[in-house]
Amino acid sequence: MALRRKILLLDGFWPKVFNTLLLLFVYGAAHTQVAYHNFSSNDGLPSNEVYCVYQDKLGYMWFGTDHGVVRYDGYKFKTYTTQDGLTDNTVFSIKGDNEGNVWFLTFTGGICYYSRAGFRPHPLNDSIIGLTRKRIPTSWEVLGNKTIWLGFIESGFYKVEENKITAFINQLSNEKPNNGSTTYIIEFDSLRFVYSTVYAGDIGKIKDPGVKKQESVFLSLSQMPFRNINYTMALLKNGNLIMGVANSLIYLSGRGIINTIHLQPDAHISAITQTADNKVWVCIKNSKPYSLSFSENGVQLADSLTNWESISYISSDNQQNYWATSLNNGVYFMPDTKIRIWGRQPENPVSSKFMYLQLINHSLYISLPKNKIIKLDKGFNEKVITGIESANAVSGLIFKNKKLISNIDLSSQWTGRSYKFSFMNAIEDLGEQGILTAGETGFEIINARKLVFSSKNIGFTKRVTAVKRIKGSLVAIGTISGLYYFDETRHTLVNDSIIAKTRITACASFNDSVYAIATRGLGVAIYYGQRPYFINDSCGLISNLAENLYFENDSTLWVATYKGLSRTTFCFNQNNFICSIKSYTKEDGLCSNQVNAITGFNGYIWLATNEGLCYFHPQDLPDDTLEIPFYFGEVKVNGSPEKLNGASLNYDQNNIVIGFNALYFKAISGIRYKLRLHNNDTWKYTDQNYVEYFNLPPGDYEVQVAADDKFGKYKSTVHSIRFTIKPKFTDTLLFKTISGAFIALIVFVIFFGFYSYQKLKATNLIKLLQAEFKALSYQINPHFIFNVLNSIQYYILRKESDSAVHLLSSFSMLIRRIVNNSRQQYISVLEEVECLREYLELEKLRLDDKFEYEINIDTNIHIEEKIILPMIIQPLVENSIWHGIAPSGRMGKITVNFSAKNGQVICTVEDNGVGIHAKKEGEHKTQNNLSLAMKNVSERLKIISELNNSTWAIKTEDKSENNPGETGTRVTIIFPHPMKS
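Residues numbered from 1 in each chain as written. Predicted model: local features only at pLDDT ≥ 70, side-chain atom pairs only at ≥ 80, totals over all residues. Heavy atoms only, no water.

A. Inspection of the overall build of the chain at higher detail. Secondary structure summary: the chain contains 11 helices and 75 strands in total. The buried share of the chain, taken over its 981 residues, is 50%. Approximately 46900 Å² of the chain is accessible, and the part contributed by carbon and sulfur atoms is 50%. (Helix = DSSP H or I, 4+ residues; strand = E, 2+ residues; numbered from the N terminus. Buried < 20%, exposed > 50% of the residue type's maximum accessible area, 1.4 Å probe, protein only. Areas by Shrake-Rupley, 256 points an atom, 1.4 Å probe, with all protein chains shown as cover.)

B. Geometry of the nonpolar core. If you look at the biggest cluster of nonpolar residues, it comprises 44 residues, and the most contacted ones within it are Leu840, Ile873, Val877, Ile894, Val896, Phe898 and Phe975. Beyond its immediate stretch of four places on either side in the chain, Ile873 contacts Glu832, Leu836, Val896, Phe898, Cys907, Val909 and Phe975. In terms of nonpolar packing, the next biggest core, distinct from the first, is built from 28 residues, Ala667, Tyr693, Tyr701 and Tyr714 among them. (Core = buried A, V, L, I, M, F, W, Y, C linked by side-chain atoms within 4.5 Å. Contact = heavy atoms within 4.5 Å.)

C. Summary view of the pairing of strand E72 (residues 892-901). Pairing between strand E70 (residues 851-857) and E72: seven bridges, direction parallel. The residue of E72 that forms the bridge with Glu854 is Thr895. Summarising the sheet, E72 and strand E73 (residues 904-911) pair through eight bridges and their orientation is antiparallel. Paired with Val896 across the two strands is Val909, which belongs to E73. With antiparallel pairing between neighbouring strands as the criterion, E72 and E73 make up a hairpin whose turn holds two residues, including Asn902 at a positive phi of roughly 55°. (Pairing = 2+ DSSP bridges.)

D. Region of the structure containing the sheet that holds strand E68 (residues 719-725). Taken in spatial order, the five strands make up an open sheet running E61-E68-E66-E63-E64, and their pairing is mixed. In this open sheet, the two edge strands, each paired with only one partner strand, are strand E61 (647-649) and strand E64 (684-686). Here the strands of the sheet are splayed against their neighbours by 25° on average, with no regard to which way each runs. Pairing between E61 and E68: three bridges, direction parallel. (Axes fitted to C-alpha atoms, helices over the stretch in contact; angles between N-to-C directions.)

E. Broad picture of the packing of aromatic side chains. Per the counting criterion, the structure on display carries 61 aromatic pairs. Arranged with centres 5.2 Å apart and planes meeting at 55°, the rings of Trp62 and Tyr114 form a pair that is tilted. Of this pair, Trp62 sits in strand E5 (residues 61-65) while Tyr114 sits in strand E10 (residues 111-115); the two residues are 52 residues apart in sequence, bridging distant segments of the chain. On the basis of relative accessibility, which here comes to 0%, the residue Trp62 falls in the buried class. Since its relative accessible area comes to 18%, Tyr114 is described here as buried. One aromatic cluster is present, formed by Phe39, Phe63, Tyr72, Phe77, Trp323, Phe333 and Phe665 through successive ring pairs. (Phe/Tyr/Trp six-rings, centres within 6.5 Å; stacked < 30°, edge-to-face > 60°.)

F. Molecular detail of the side chain of Thr306. Following the sequence through the fold, Thr306 ends up in the loop between strand E28 (298-303) and strand E29 (311-316). Judged by its relative accessible area of 2%, Thr306 falls in the buried class. Among the polar contacts listed, one links the side chain of Thr306 to the side chain of Gln33, at a separation of 3.1 Å. (Polar contact = N/O pair within 3.5 Å; in protein donor to acceptor, adjacent residues only side chain to side chain.)

G. View of unusual backbone geometry. Its identity as a non-glycine residue notwithstanding, Lys146 has a phi of 60°, on the positive side. Relative to the helices and strands, Lys146 is located in the loop between strand E12 (139-142) and strand E13 (148-152). Take Lys146: its relative accessible area is 19%, and that puts it in the buried class. Even without glycine at this site, Lys501 takes up a positive phi of about 60°. One can find Lys501 in the loop between strand E46 (492-500) and strand E47 (504-511). A relative accessible area of 80% means that Lys501 is categorised as exposed.

H. A look at the pattern of salt bridges. Using the criterion set out here, one finds 23 salt bridges in the structure. Ionic pairing is found between Lys213 and Glu215, a salt bridge with its closest N-O pair at 3.9 Å. For Lys213, a relative accessible area of 36% gives the class partly exposed. Residues joined by salt bridges that share partners form a network here, namely Glu910, Glu957, Lys959, Glu966 and Arg970. (Salt bridge = Lys/Arg side-chain N within 4 Å of Asp/Glu carboxyl O.)

I. Molecular detail of the pairing of strand E38 (residues 403-406). Across four bridges, strand E37 (residues 397-400) lies against E38 in antiparallel orientation. Bridge assignment links Leu397 to a residue of E38, and that residue is Ser406. Once E37 ends, the chain turns through two residues before running back antiparallel as E38, passing Asn401 with a positive phi of about 55°.

J. Quick peek at the environment of Thr87. Residue position: Thr87 is located in the loop between strand E7 (77-80) and strand E8 (91-96). In terms of polar contacts, Thr87 uses its side chain to reach the side chain of Thr106, at 3.4 Å.

K. Examining the sheet that holds strand E51 (residues 546-553) more closely. With antiparallel pairing, four strands are arranged side by side in an open sheet as E51-E52-E53-E54. Either end of the sheet is taken by a strand with one partner, and the two such strands are E51 and strand E54 (576-584). Neighbour-to-neighbour, the strand axes of the sheet open up by a mean angle of 25°, direction not taken into account. In the sheet, strand E52 (residues 556-561) pairs with strand E53 (residues 565-573) via five bridges, with the strands oriented antiparallel.

L. Representation of helix H8 (residues 873-885). Look at H8: 17 Å from first C-alpha to last across 13 residues, which is about the 18 Å you get at 1.5 Å a residue. Within H8, 11 of the 13 residues are buried, leaving the element largely enclosed by the surrounding structure. All of the buried residues along H8 are Ile873, Gln874, Pro875, Leu876, Val877, Glu878, Asn879, Ser880, Ile881, Gly884 and Ile885. (Expected span 1.5 Å × (residues − 1).)

M. Structural view of helix H2 (residues 125-132). All buried positions along H2 are accounted for by Asn125, Ile128, Ile129 and Thr132. Within H2, the buried residues cover an arc of 100° as seen down the axis, which keeps them to one side. (Arc of directions from axis to C-beta.)

N. Region of the structure containing the packing of helix H7 (residues 829-846) against H8. Close contact between H7 and H8 brings their axes to 10 Å; oriented N to C, the two are set at 20°. Between H7 and H8, the angle is such that the two are roughly parallel. At the point where H7 passes H8, the crossing takes the right-handed sense. Together, Glu832, Leu836, Tyr839, Leu840, Glu843 and Arg846 of H7 and Ile873, Gln874, Val877, Glu878, Ile881 and Trp882 of H8 make up the contact between the two elements. (Parallel < 35°, antiparallel > 145°, perpendicular 65-115°, else oblique. Left-handed = near helix turned anticlockwise from the far one by under 90°.)

Functional significance is not addressed by these values, which are geometric in nature.
Encoded structure:
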């Protein structure tokens, strides 16, 4: 073995007397305690019986209870039981491994661990349960790769790996005496160790790569009277050991025992723990816990946190907070053990309301309820000062002529005079000038029990709330409505116009160059020379309702307010005032946020509050901002949990709730967070640990969140979640591009179609004009005109003037009608019929009545409505006369029929001439003229149909095709609808 420690216990009279005196000193010492917050089943714990506490790598606090294990995130307690995978609901001990897993030693369920995947039992947990069935291990430790070491009384050690268990057990030996026990300690690293006790045997040398050191200690039966007694042990950083066995505390070093402390006979040491600040704490069943102080002479009980009893475990977290678990009152949380609450006397309970503190002649005077005053000297010796009888509280003390004088003394009736003073709020010693007293109706100066000056004599009767000599003969007079300066030698009074209409609560000065004025509403004014510099909540002061002031030095001013305490560090640089402010509240360890008075005494800052009197060293309050961990919590999209970071959401997934949590346990009332939705947004602040966004428009987002205390106590790094909300497809650039291109295409098609239509229309109009001109030329062709004129000449030469005049009149009428009709796009059936009659009459006259004609009009046709094209029918009739009837050599007949069908006019021109087949055998030139005329008619009909989007048709047929006994030609024309203008 590396080292065998043997302890020889000291018995006898004088050691027992020494131990008894030590205990009397400890138990009888003046008691102080710290501010705390008690968490119980009313706050979310499943039980008030709590065995242990542990902080995991993420910073969360874990508590083992008899009703499950609890995780605390600074807001709420979350309980895990066997329903969540815990192997047993009674959890005695919690530890962690290097991978961040949290391990639990349970009562009957062996060992399990918690990871992000949930609770899992150790792979060999069934075997572990077999080992722990008879007795809970004295100690245990978790190493890497799920390797666990267990120590037992009388059984030695067991190394439990993932797939095997190795036993290092007691080997009984007849050579070992049975008058004591041997405790074996095996160390790993970072003060991790496991211990075990055996009787009359030896474990031997443990050969294992994980074991860095092995030691043993022999204890006599007087120290270990019961073979199965549980005991506790702590390994200190200096290598020494502290053992708690029954009611004895044993301090060991490599040289052996240093000293032993015997507690009361009924005491039982339940745990020895070591906190991060290297303090060692002893938890005692049915007694309050104590810290230990160490020296070369040994160990002794030093201090207690409070009067709590049955504390099962004490630990500290990475933010220097203390946690104490109890077997009957849940969990105690202490934000700062360096801030102590003073009080021991029965008439001075810890929770008393303290209103006044005064430092006089190196002693602190504390005003108690019922107007009793305690004098506290530098050795913290107390003396109760009585004899002040009044219903009003002491609010001022001075020491004059070797006598302590209070404001209440100066308010009582003076002997030898009939004058009775009103109640005084404040007093100030003016030296040879006397005593300045201030009260409800002004202030007075009293010297040798005589009234020297009264402010009533100069018309000043305001209620005075604070007085202080600030320099020379100048006294600051604070009132309920402003600040005044009084010259005690000249008896003159001047008001301060800068601080007016504001209640003054306190005046303080450090030297003749700097003084400060506390107000309710404006914060604090620090005067340097004649100029005031204001500090208020806009520059970090915890509240503008200041109550009291204390200068620690010429650059540090403490400000007491109704919301806590502020420490202002300031300097003047070329008339520039530079200051930094740190603020502290109950969450930092103060016993109350309502601080009524403040002063310095014996190297401590003392605060009189509504819930007690506390004190601390100024250097013990933290100046640096604490960097705290921050985690995002549950994220919901449209009410459903989602992984949001890096996600691309649909446009309707735009209702986002993001939870987050920063671990700063001192902020019992909640942490302040700053957040923003985009990088260039301004920060917004909230006390809630979640943020909700509803109906977010499409876009890219980066939600940035951080913890940020406005008083500079804590902060966290900025964490962000990035996500994208996609727009509707109809709102995307692609859709807009496609839509724009499609619209542009449609516009182009419409424009191009319109342009093409207009171009086609123009072309068709030109063609129509050309066709109309050709039609007109066909109607008024030179051959026809020449023939008519020859006929007229013939009648003139034969001196048949009536016939010549009649023919000339008909010819002129026809020409006029043809010209008139050619100017119109459409003509009526009546106009066409009249023109045809005149033409047929002329032709009939020319041919000596060789044919007859017939014109028929359907009654459904409105003969006066302009519905047919001009210059269409006449060329066809002419064609029937000259190419059908004239060649036949017999009496001919031409029939023209007008009918209506589906709103269209149908015209049929037929004759009984030679027919189409005979025409094809005729003269080629004549045939060409006929084809040109028919082609012109077809072109005009086609153009008009295209212009007004209507149907048309022209059909030429030989009548003999349908009836061999008939001759002649039939031409059918379906006129298109008239164009809409």
